[in-house]
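Tertiary structure, described
Each chain is listed here by its residues.
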Amino acid sequence: MSHNLSHNQDDTLIRMVNQIATNLSGASDEAQVVQGICKHLESFWARSMKQRLVACLDRDDAELSPLAQRAVVELAGRYRNGAQDSAQ
Amino acid sequence: MIEHFDPRQHAQDLGTPEPPQGPPVSLEIDGINVTVPAGTSLLRAASLAGIQIPKLCATDSLDAYGSCRLCAVQVTGKRGYPAACTTPVEAGMQVTTQNERLAKLRRNVMELYISDHPLDCLTCPANGDCELQDMAGAVGLREVRYGFEGENHLQAEQDHSNPYFSFDPSKCIVCSRCVRACEEVQGTFALTIDGRGFDSKVSVGPEQSFLASDCVSCGACVQACPTSTLMEKSVIEAGQPEHSVITTCAYCGVGCSFEAQMKGDQLVRMVPYKGGDANHGHSCVKGRFAFGYATHPDRLTSPMVRESIDQPWRQVSWQEAIEFAAQRLKAIQAKHGRESIGGITSSRCTNEETYLVQKLVRAAFGNNNTDTCARVCHSPTGYGLKTTLGESAGTQTFDSVMQADTILVIGANPTDAHPVFGSMMRRRLREGATLIVADPRRIDLLKTPHLQAAQHLPLRPGTNVALINALAHVVVTEGLEDHEFIAKRCDTAAYQAWRDFISDSRHSPEASEAITGVDAEAVRRAARSYATVGNGAIYYGLGVTEHSQGSSMVMGIANLAMATGNIGREGVGVNPLRGQNNVQGSCDMGSFPHELPGYQHVSNAEARGRFEAAWGVDLDDEPGLRIPNMFDAAIEGTFKALYVQGEDIAQSDPNTQHVEAALSSLECLIVQDIFLNETAKYAHVLLPGSSFLEKDGTFTNAERRINRVRQVMPPLADKADWEVTQELAQALGYPMNYRHPSEIMDEIASLTPSFAGVSYARLEALGSLQWPCNVEHPNGTPTMHEVDFPIGLGRFAITEYIATEERTSRRFPLLLTTGRILSQYNVGAQTRRTDNQHWHDEDVLELHPSDAEVRGVRDGDWLGITSRAGQTVLRARISERMQPGVVYTTFHHPGSGANVITTDNSDWATNCPEYKVTAVQVEKVSQPSAWQQRFSDFDRQQRHHLASAQQVSGKAISP
């Protein structure tokens, strides 16, 4: 049986950030939640993953949850491709 | 002969255990003034004063028993001849240990023993290490007046069923040391004395052999035996060892100290070291006996390379292999960028070796793509405890459990996975501590003999957070909080926010019963016990971390401990039971992609600056890829090369087919291991590793204890692992020039504040050190957070229960959970190459009788287990340990494919895989799964590639 789970990188990253948003959404203040998601991504995700996630903002079909979307928009300033190059 | 045998611990047996601290008592023994703590036995007091009283049934690992009468003494003003082992000291006592009368008494006692004991000392396996022989000499036994004509035990039937030791009852003196060791030290109660008087004999139960009995082969009885009645087969074969080296076990996270008893460079036996601060002279079947893998013919002894994985291996020199690897890495980076390669450090290798691998990645590869197997076990512990308590480690010593009054065990199975600590916990439970187990399975701890009070919360897999929230809800709403602790030690705003959150009725046990399946009243009772019955201590394992909410659960545990003030002193705390020998150390040493050694974040300019100055390079300030991210990137084609030291990701990581696809996508996989493991079958460069017996270094156990690993034999392939990493760095143009692992530790200490006071000299002087060890804590830190937290105030965290996406359905109606068993270790690479195979030579699927019945499954049937990720086939074992609807297996054998079925669901914060929850269907089948058939073909092909290379070079190794 071949494995049938999706491993499209974009989908994986979107699923991950949505999961983070859901788990961090316990704080009462939404701005605080968005900050928390942002900080989590900054602290734990590789540069290439953040750049890729930010690039998903340009896709119409990216199913980011509302809080995740806000956090990724905040990240975009720093991680849109070219804003912080990965050294090649 | 006796001088020939010189293991250190046999030199110092004080006869009876050290009593609890008591006021000093002075007395006179043979005219010498002696002062010892109250409660000390005369036998121990004499021994401490250098006066050795003959003894047989007494040993300082067991309570005094007073049966052999050999330690009889005379006390002025008292009648008779009291046994020194059972007589406590009294102020002003005058004790005589040697005189004519006592000598005669002892000779008579010995004469009776010897009258029913074979006189074959010269050919006896214990010759040179026999307390009976020593005592016969000590009492001056010169004749035995009673012959062997009468009834005796000389022809008693021997039992050789256990693979590691023999039982020869003809040598037995019925001192009960073995029986008492099994009860007091191990806590299994497998042995007993059958019969009375002359008929008394040691028994493992009616008509049973040792192998068929409840015996768990911990070796405590063998160690306690004063004769050769219970004797290691390795000693029977090789004779007495002639020197010993103290080192640290390379199996689980308990980190037991052992004496490796040697004959030249041959390891004859491993004996648990009484001076070991983690194990105090106890051991389990793995550490004690399962060391044969180190000299197994499967060991890799020559470096090998190949262009692609469908080609045979080519044996090459070390230099050629290292050059080949370095050239490939450089070429890949030139073509695909600096971030296209990475490395995985080993939780089985030493701290020094782990440190070097992450240094290689950060300094020589020039990126932070380093990770370790903690990713798949305790990464949520790192995240959860750092967020709430400020440090990524357990708070206590193992010994702390002896001060605990309520022991809450969540998702851990200590008697199988951490057996030596499990024995200590059982001792505390026999003393009366209350046990609460939160686990889907009825683990063996709940069957502890003489358990006083136990509660089982059999929750559904995947509902941990709902349960911990319910426990905290009871604490808060029933007024069981420790307000003084919270006010003084915790952040008020975070506490208030958490208190508002947890007080909501949706977290009540009554509301969460529908989620967890645990009776609400049982949850209330457990919360009250934990919060109010003295010291409450929490122990947890992978049943907590390996979930989509692993990190939330760790934070929930920390919340509960803070709310009840169960932090910062002996007997309480939050205690992750770490899986592998050095998984704590591998995390401490900077293996994670976001943290430099000592959990210093890569974005911390001050910390990074220190490393940059010491290492002479600029370091990336962004985290690198974690293992699952590396796999995804490999499949996508942006990640091309991986250096893996001492890990078997192809077997241990979830969703095997995804891992296989990732490994097959790599252009260069460098595997450094002692065997051709599953990952190595996908490699292009194979670098032979060294076992823990072949190198110097340190391991850090689950209680943050840094223990020395000492070389007892030369590396089989000529190089210790740290030397190989160093040569690879040099070949990449990055200088590393360490001459000994102690120099690596010196560098670690200079860059890692929590290790600042650690050095080999300090470890030599103190035996072990628990970090933080620095100017403030020069002798280390047994208990964390006594005064404050590293982040100042403890931070309560909001832990909303979010159900996992992995749910049962009509198609997949059962939940699979995975775990370990006592005799095998992790992927089994080591234990499968020992006689531990006798106990577990295949992984099976345990299922409840009702689930079996509806599927027409009988014990031993072949079962196809299908999940959304894949299918495998295992044999059925019907077991009432399981709840209906939950099935269980282990992952010790690669062909079992346990991880073919586990999915790539993972913890939200750390990507730790959700091994513990997989929805599956089970049905009877007649042949292996398609994956197993492919695995079998690939395995055969790769073994052939290895054998061909070895034959070409003339270094044939058995298949």
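Computed from a predicted structure; not experimentally measured.

Rules and cut-offs
- Residues numbered from 1 in each chain as written.
- Chains lettered and ligands numbered in written order.
- Predicted model: local features only at pLDDT ≥ 70, side-chain atom pairs only at ≥ 80, totals over all residues.
- Heavy atoms only, no water.
- Axes fitted to C-alpha atoms, helices over the stretch in contact; angles between N-to-C directions.
- Helix = DSSP H or I, 4+ residues; strand = E, 2+ residues; numbered from the N terminus.
- Parallel < 35°, antiparallel > 145°, perpendicular 65-115°, else oblique.
- Left-handed = near helix turned anticlockwise from the far one by under 90°.
- Contact = heavy atoms within 4.5 Å.
- Nonpolar A, V, L, I, M, F, W, Y, C, P; charged D, E, K, R; others polar.
- Pairing = 2+ DSSP bridges.
- Core = buried A, V, L, I, M, F, W, Y, C linked by side-chain atoms within 4.5 Å.
- Buried < 20%, exposed > 50% of the residue type's maximum accessible area, 1.4 Å probe, protein only.
- Domains from an automatic or database assignment.
- Buried area = accessible area lost by both parts, 1.4 Å probe.
- Salt bridge = Lys/Arg side-chain N within 4 Å of Asp/Glu carboxyl O.
- Polar contact = N/O pair within 3.5 Å; in protein donor to acceptor, adjacent residues only side chain to side chain.
- pLDDT = per-residue confidence, 0-100.
- Phe/Tyr/Trp six-rings, centres within 6.5 Å; stacked < 30°, edge-to-face > 60°.
- Lys NZ or Arg CZ within 6 Å of the ring centre and 35° of its normal.

As a further point, take the packing of helix α3 (residues 47-55) of chain A against helix α4 (residues 66-79) of chain A. Residues and elements named next belong to chain A. One can describe the packing of α3 onto α4 by two numbers: an axis separation of 9 Å at closest approach and a directional angle of 120 degrees. Taken together, the axes of α3 and α4 lie oblique to each other. The hand of the α3/α4 crossing is left-handed. Along its contact with α3, which presents Lys50, Gln51, Leu53 and Val54, the element α4 presents Val72, Leu75, Ala76 and Tyr79. For the contact of α3 with α4, the class distribution of residues is six nonpolar, one polar and one charged.

Moving on, we come to the packing of helix α13 (residues 464-477) of chain B against helix α15 (residues 492-503) of chain B. Residues and elements named next belong to chain B. Two elements in contact, α13 and α15, have axes whose closest approach is 9 Å; the angle formed by their N-to-C orientations is 105 degrees. When the interaxial angle is binned, α13 and α15 end up roughly perpendicular. For the pair α13 and α15, contact is made by Asn469, Ala472, His473, Val476 and Thr477 and by Trp498, Arg499, Phe501, Ile502 and Ser503, respectively. Tallied by class, residues from the contact of α13 with α15 come to five nonpolar, four polar and one charged.

Moving on, we come to the sheet that holds strand β9 (residues 243-248) of chain B. All names here are of chain B. The strand order β9-β10-β11 describes an open sheet built from three strands, whose pairing is antiparallel. Strands at the two margins of the open sheet, each flanked by one partner only, are β9 and β11 (266-272). Averaged over all adjacent pairs, the angle separating strand axes in this sheet is 30 degrees, with direction ignored. As judged from the six bridges shared by β9 and strand β10 (residues 257-263), these two strands associate in the antiparallel manner. By the bridge assignment, Thr247 is partnered in β10 with Phe258.

Another aspect to go through is the nonpolar core. Residues and elements named next belong to chain B. Ranked by size, the top nonpolar core spans 71 residues in total, and within it Leu230, Ile407, Phe421 and Met425 carry the most contacts. Of all the elements, helix α12 (residues 419-430) adds the most residues to this core, at five residues. If you look at the next biggest cluster of nonpolar residues, it comprises 63 residues, including Leu329, Val617, Ile748 and Val758.

The subject of this paragraph is the domain arrangement of chain B. All names here are of chain B. Parsing chain B into structural domains produces domain 1 (8-98), domain 2 (165-295), domain 3 (304-376 + 582-702 + 716-753), domain 4 (379-576) and domain 5 (814-926). Averaged C-alpha coordinates put domain 2 and domain 3 at centres separated by 38 Å. Counting residues at the interface gives twelve residues for domain 2 and ten residues for domain 3. Considering only the side of domain 2, the residues that lose the most area to domain 3 are Ala250, Tyr293 and Ala294, jointly responsible for 46% of the buried surface there. At the boundary of domain 2 with domain 3, the tally comes to zero salt bridges. The tally of links from domain 2 across to domain 3 stands at two residue pairs in polar contact (both at pLDDT 80 or more). Only β9 and β11 provide two or more residues apiece to the side of domain 2 that touches domain 3.

Time to look at the confidence of the model for chain A. Regions with low pLDDT should not have their predicted coordinates read in detail. Residue and element names in this part refer to chain A. Averaged over every residue, the pLDDT of chain A is 84; the share at 70 or more is 83%. Put simply, α4 is where chain A has its lowest mean pLDDT, 93, and helix α2 (residues 30-44) is where it has its highest, 95. Overall, residues 1-7 carries pLDDT values under 50, and its contacts beyond four positions in sequence, including any with other chains, amount to 26 contacts.

A word on the packing of aromatic side chains. All names here are of chain B. Applying the stated criterion to the full structure yields 19 aromatic pairs over all chains. Look at Phe165 and Phe289: their rings are 6.1 Å apart centre to centre, the planes differ by 35 degrees, and that puts the pair in the tilted class. A residue pair is termed long-range when its members are at least 10 positions apart, and Phe165 in strand β5 (residues 165-167) and Phe289 in helix α7 (residues 285-289) qualify at 124 residues. Look at Phe289 and you get buried, because its relative accessible area is 7%. An aromatic cluster of at least three residues, connected via ring pairs, comprises Tyr164, Phe165, Phe167, Phe210, Phe289 and Trp839. A cation over a ring is seen here: Arg489 above Phe789, with NZ or CZ 4.6 Å from the ring centre. The ring of Phe675 is capped by Arg833, whose NZ or CZ atom sits 3.9 Å from the centre of that ring.

Turning our attention to the sheet that holds strand β2 (residues 32-37) of chain B. Residue and element names in this part refer to chain B. If you trace the four strands from one edge of the open sheet to the other, you get β2-β1-β4-β3, paired in mixed fashion. With one partner strand each, in any of the chains shown, β2 and β3 (74-75) form the two edges of the open sheet. Looking at chain direction, β3 and strand β4 (residues 94-96) are connected through two bridges and run antiparallel. Paired with Val75 across the two strands is Val95, which belongs to β4.

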